[in-house]
Amino acid sequence: GENVEQHPSTLSVQEGDSAVIKCTYSDSASNYFPWYKQELGKRPQLIIDIRSNVGEKKDQRIAVTLNKTAKHFSLHITETQPEDSAVYFCAASSTGGFKTIFGAGTRLFVKA
Amino acid sequence: GAVVSQHPSRVICKSGTSVKIECRSLDFQATTMFWYRQFPKQSLMLMATSNEGSKATYEQGVEKDKFLINHASLTLSTLTVTSAHPEDSSFYICSAVGQGGRSRWGYTFGSGTRLTVV
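All of these numbers come straight from a predicted model, not from anything done at the bench.

Visitor: Can you walk me through the sheet that holds strand 1 (residues 4-7) of chain A in this structure?
Guide: The strands that make up a sheet are held in pairs by hydrogen bonds between backbone atoms, and each pair lies either parallel or antiparallel. Residues and elements named next belong to chain A. Pairing in this open sheet of five strands is antiparallel, and the strands run 1-3-8-7-6 from one edge to the other. If you trace the sheet from one side to the other, it starts and ends with strand 1 and strand 6 (56-59), each paired once. For this sheet, the mean inter-axis angle between neighbouring strands, taken without regard to orientation, is 15 degrees. Here strand 7 (residues 62-67) pairs with strand 8 (residues 72-77) via six bridges, running antiparallel. Each bridged residue has a counterpart across the sheet, and for Thr65 the counterpart in strand 8 is Ser74.

Okay, structure coming up:
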């Protein structure tokens, strides 16, 4: 079945440094790749997404890259701040069925 | 736009009882809703896909007789955990997709329900 692998499971960075989280997916039909940020006890919040017809997308300090050939996509956070500390999930879905499969999550710690 | 309301946010029930969780799309018609379960410090695991007016499609390993899903209207889906046991304690969260706008790609989540079975 469909599978999304996410690495690393835990990431600790110094404030101001960059953080990179990587994901791979198995379903070649996947064409939509959202990233979510989840704070403790709260719902996941969409922070950025990318569709398969685009290789890169940027929104202020956050960027996502997609390599459809290799079936992997990455989240890049620059100039990290303590409030970026949270669990980040990547996901993959296809517009046909809308079913979204999540990665296992990355717990990001930004040290002040 | 694309607001999904989930109720209750927190419920404690006795072992053996049933609990119903509601997921409503407030400003769009949700043709499809997804139910996820999230254990502490783990990812969201898809339980089932619910289409309005038809039977839900359950993921492998999810007992359909234990987790009853009803999607009776375009704005409401319910998940009933029947004969709950302590191992059912978890964070349950829904997501909805519908017609047009930001709801279309299914990334609008409800606020989640923390179920504790004692």
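After presenting the structure, the write-up continues.
Visitor: Please clarify how the state of the cysteines should be interpreted in this entry.
Guide: All names here are of chain A. All told, the structure shown has two disulfides over all chains when counted by the stated rule. Across the disulfide from Cys23 sits Cys90; the S-S distance is 1.9 Å. On the S-S bond that ties Cys23 to Cys90, the torsion sits near -100 degrees, and the link is left-handed. In this pair, Cys23 sits in strand 3 (residues 19-25) while Cys90 sits in strand 9 (residues 86-93), placing the two residues 67 residues apart along the sequence.

Reading the values: rules and limits
- Residues numbered from 1 in each chain as written.
- Chains lettered and ligands numbered in written order.
- Predicted model: local features only at pLDDT ≥ 70, side-chain atom pairs only at ≥ 80, totals over all residues.
- Heavy atoms only, no water.
- Pairing = 2+ DSSP bridges.
- Helix = DSSP H or I, 4+ residues; strand = E, 2+ residues; numbered from the N terminus.
- Axes fitted to C-alpha atoms, helices over the stretch in contact; angles between N-to-C directions.
- Disulfide = S-S within 2.5 Å.

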